[in-house]
Amino acid sequence: MGETLFAKIIRREIPADIVYEDDEVLAFRDIHPQAPVHVLFIPKQAIATLNDVTAEQAGLLGRLLLAAADYAKREGFAEGGYRTVINCNEHGGQTVFHLHVHLLAGRPMLWPPG
Ligand code: 5GP
């Protein structure tokens, strides 16, 4: 699996509106937002899909989700609520093959999703 544009965002080779960064995680606004708040949380390590996460990387997966929850608390919409989504492969609607958690907020979310 070749490198994706998210690797270029991590290396600052293409611009992104970065809202959070630590040693392992980068978060930036989605270029085509599906809600008033739409942020992508990605591991700096290149992992293509959720299927490719190993047991050793379980902590990293948790830290991605915690980074999203912490962001929601900091930005003041945690109590109101939000949605996190990980799309996996074709039926999941994944288009960028670098693992990412979508954080969507700022409007009520529909369930079930389309
Ligand atoms: P997926 O469909 O793989 O779950 O989500 C990929 C997301 O990446 C999409 O919501 C898409 O809008 C976003 N995206 C694709 N290219 C770029 C880009 O160059 N910059 C940013 N910030 N987001 C992107």
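The structure this text deals with has already been given above.
All of these numbers come straight from a predicted model, not from anything done at the bench. (Residues numbered from 1 in each chain as written. Predicted model: local features only at pLDDT ≥ 70, side-chain atom pairs only at ≥ 80, totals over all residues. Heavy atoms only, no water.)

Novice: Teacher, can you tell me more about the side chain of His98 here?
Specialist: Turning to its location among the elements, His98 is positioned in the loop between helix H3 (89-92) and strand E5 (101-105). For His98, a relative accessible area of 3% translates into the label buried. If near-sequence neighbours (up to four positions away) are discounted, His98 is found in contact with Thr4, Phe6, Ala7, Ile10, Ile42, Pro43, Lys44, Gln45, Ala46, Ile47 and Ala48. (Helix = DSSP H or I, 4+ residues; strand = E, 2+ residues; numbered from the N terminus. Buried < 20%, exposed > 50% of the residue type's maximum accessible area, 1.4 Å probe, protein only. Contact = heavy atoms within 4.5 Å.)

Novice: Can you walk me through the site of the ligand in this structure?
Specialist: The full set close to the ligand counts 16 residues, and Asp30, Asn87, Thr95, His100 and His102 are the nearest of them. In this structure, Asp30 approaches the ligand through a side-chain N or O atom, which is 2.5 Å from an oxygen atom. Within the backbone of Val96, one N or O atom sits 3.0 Å away from an oxygen atom of the ligand. Of all the elements in the fold, those that place two or more residues in the shell around the ligand are helix H1 (5-10) and strand E2 (25-29). No other element matches H1, which puts three residues into the shell around the ligand. For the shell around the ligand, a count of residues per class yields seven nonpolar, seven polar and two charged. (Near = heavy atom within 4 Å. Polar contact = N/O pair within 3.5 Å; in protein donor to acceptor, adjacent residues only side chain to side chain. Nonpolar A, V, L, I, M, F, W, Y, C, P; charged D, E, K, R; others polar.)

Novice: Sorry, what's going on with the side chain of Asp30 here?
Specialist: Secondary-structure assignment places Asp30 in the loop between E2 and strand E3 (37-43). For the buried residue Asp30, which engages in no salt bridge, the nearest side chain bearing the opposite charge is Arg29, 11 Å off. Within polar-contact distance, the side chain of Asp30 engages the backbone nitrogen of His32 at 2.8 Å. Contact partners of Asp30, with chain neighbours within four places excluded, come to His38, Val39, Leu40 and His102. (Lys, Arg positive; Asp, Glu negative; His and termini not counted. Salt bridge = Lys/Arg side-chain N within 4 Å of Asp/Glu carboxyl O.)

Novice: Where do I start with the pattern of salt bridges in this structure?
Specialist: A pair can form between side chains of opposite charge whenever their charged atoms are brought close. The full count for this structure, using the stated rule, is seven salt bridges. Arg29 is the salt-bridge partner of Asp17, the closest N and O atoms lying 3.1 Å from each other. With Asp17 in the loop between H1 and strand E1 (18-21) and Arg29 in strand E2, this residue pair connects regions lying 12 residues apart in the sequence. By relative accessible area, Asp17 is classed as partly exposed at 43%. In this structure Arg29 comes out as partly exposed when scored by relative accessible area, which is 36%. The residue Glu24 makes a salt bridge to Arg63 at a minimum N-O spacing of 2.5 Å. Here Glu24, found in the loop between E1 and E2, pairs with Arg63, found in helix H2 (residues 58-75); they are 39 residues apart in sequence, far enough to count as distant. On the basis of relative accessibility, which here comes to 31%, the residue Glu24 falls in the partly exposed class. A cluster of three or more residues bridged by salt bridges with shared partners is formed by Glu3, Lys8, Arg11 and Glu13.

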